[in-house]
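# An overview of the molecular structure
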Amino acid sequence: MAMRRSNRGGSNSGSDRINSNNRSNNGGSSRRRRRPRRPRSPPPPIPPQGQPGRGCFRELLLNSEEVWVVQKADQRSGHETKGTIDRLLTKSPYHPRGIKVMLTSGQVGRVTRIVNDGDIEESK
């Protein structure tokens, strides 16, 4: 007795699928052309020690360094959390809103200030 294959719940054969990439039958000659990306402007110079904006540069942040971060939930209020860097999450060397880090406590946020960077005020 031959077994019948059912199309229910299993994978469909290739002919049953609709290929979303091939929307026209004219060989793809009517594809939209993408606009070239606008070149990214270079990052600003690194501010002097103790000045705001130093948390935007990845090269200035080290693991196990104490920093102030703003978590996603606190962005509107601007409430800062103090902690020690466990991992750097932003891969690019510069981010205008601050480098995203994970603290040793597991919290994730963007660096606003570096604690031992000439800061006089302790908290906002």
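Before reading on, note that the structure itself is shown above.
As the structure is a computational prediction, the values presented were derived from the model and not from experiment.

Turning next to the pattern of salt bridges. When the charged atoms of two side chains with opposite charge come close together, those side chains can pair. Within the structure shown, the criterion is met by three salt bridges. Here Asp117 makes a salt bridge to Arg54, at a shortest N to O gap of 2.6 Å. Taken together, the positions of Asp117 in the segment after β4 (108-114) and Arg54 in the segment before β1 (66-71) put the pair 63 residues apart, joining distant regions of the chain. Each of the two residues, Asp117 as well as Arg54, counts as buried. Here Glu80 ties to Arg113 by a salt bridge, and the two come within 2.7 Å at their closest N and O atoms. Residue Glu80 is found in strand β2 (residues 80-88), and its partner Arg113 is found in strand β4; the two are separated by 33 residues along the sequence. Residues Glu80 and Arg113 agree in their burial class; the two are buried.

Conventions used here
Residues numbered from 1 in each chain as written. Predicted model: local features only at pLDDT ≥ 70, side-chain atom pairs only at ≥ 80, totals over all residues. Heavy atoms only, no water. Salt bridge = Lys/Arg side-chain N within 4 Å of Asp/Glu carboxyl O. Helix = DSSP H or I, 4+ residues; strand = E, 2+ residues; numbered from the N terminus. Buried < 20%, exposed > 50% of the residue type's maximum accessible area, 1.4 Å probe, protein only.

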